[in-house]
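One-letter residues, chain by chain:
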Amino acid sequence: MRFKKLLVIAALGLGTLNTFAAESSTYWNDRFRYDRESATLYNANELTLDLFGTYADRNRFNAPSDNFGGGAGINYFFTRNIGVSADSYLEEWKWPYRVNGSLILRLPIDKYGLAPYIFGGGGREFKYAPQWTAHVGGGLEIRLNQHTGIFADGRRVFNDKAKSSGDTALVRFGVRLGF
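Parameters and conventions
Residues numbered from 1 in each chain as written. Predicted model: local features only at pLDDT ≥ 70, side-chain atom pairs only at ≥ 80, totals over all residues. Heavy atoms only, no water. Core = buried A, V, L, I, M, F, W, Y, C linked by side-chain atoms within 4.5 Å. Buried < 20%, exposed > 50% of the residue type's maximum accessible area, 1.4 Å probe, protein only. Helix = DSSP H or I, 4+ residues; strand = E, 2+ residues; numbered from the N terminus. Contact = heavy atoms within 4.5 Å. Phe/Tyr/Trp six-rings, centres within 6.5 Å; stacked < 30°, edge-to-face > 60°. Lys NZ or Arg CZ within 6 Å of the ring centre and 35° of its normal.

Undergrad: It is not clear to me how the nonpolar core should be interpreted in this structure. Could you clarify?
TA: Nonpolar side chains tend to gather and get buried jointly when the protein is soluble and globular. Counting residues in hydrophobic clusters, the biggest one holds 10 residues: F52, A56, F77, Y89, I104, Y117, F119, F151, V157 and L170. Those elements that provide at least two residues to this core are β1 (46–58), β5 (114–125) and β7 (148–159). Sequence-distant contacts of Y117, that is, excluding residues within four places in its chain, are made with I104, L105, R106, G138, G139, L140, E141, F151, A152, D153 and R176.

Structure below.
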């Protein structure tokens, strides 16, 4: 009996997804289509979502260790070149325990779909080693179209507690989705 209910729910779910996919296929095709003809790929008043993987050279207790994880962030650009961001990342797949904010300066090169950028800001760790942090870094974004890009960046994270045994190097790599 339970197996039949699961089959009915799965069939209904697949039917709903199929209907949704048919209606929104042009939406998703436009999001992931490479667009070399667009005059500008980077705009003012741009809101984007970052989904990324991370590598850090210290663990959540700030001890030297190779750590991989993931995170999410949101960015808003007031102009083509100046924006702000907020992000959180984690090395273990539990609720995020740190939050960061940054000021971003980018230099879009629309002809090639590239935008090198630098950023700096601060944040707070709430769990394991509660402390304030500051960071600086730089990266590169490659836009496929006005809505979708891939990025990679690196940052140096400075901890406010001297006994925390050092600063952290963090590398992020992921996809940037515009709205």
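Now that the structure has been shown, we can carry on.
Undergrad: I keep staring at the packing of aromatic side chains and nothing clicks. Help me out?
TA: The relative placement of two aromatic rings is captured by the distance of their centres and the angle of their planes. Summed over the entire model, instances satisfying the criterion amount to 4 aromatic pairs. Taken together, a centroid distance of 6.1 Å and an interplanar angle of 35° make the contact between Y117 and F119 tilted. Neither residue differs from the other here; Y117 and F119 are each classed as buried. Against the face of W132 rests R124, its NZ or CZ located 4.9 Å from the ring centre. Above the plane of the ring of F151 lies R176, whose end atom (NZ or CZ) is 4.2 Å from the centre.

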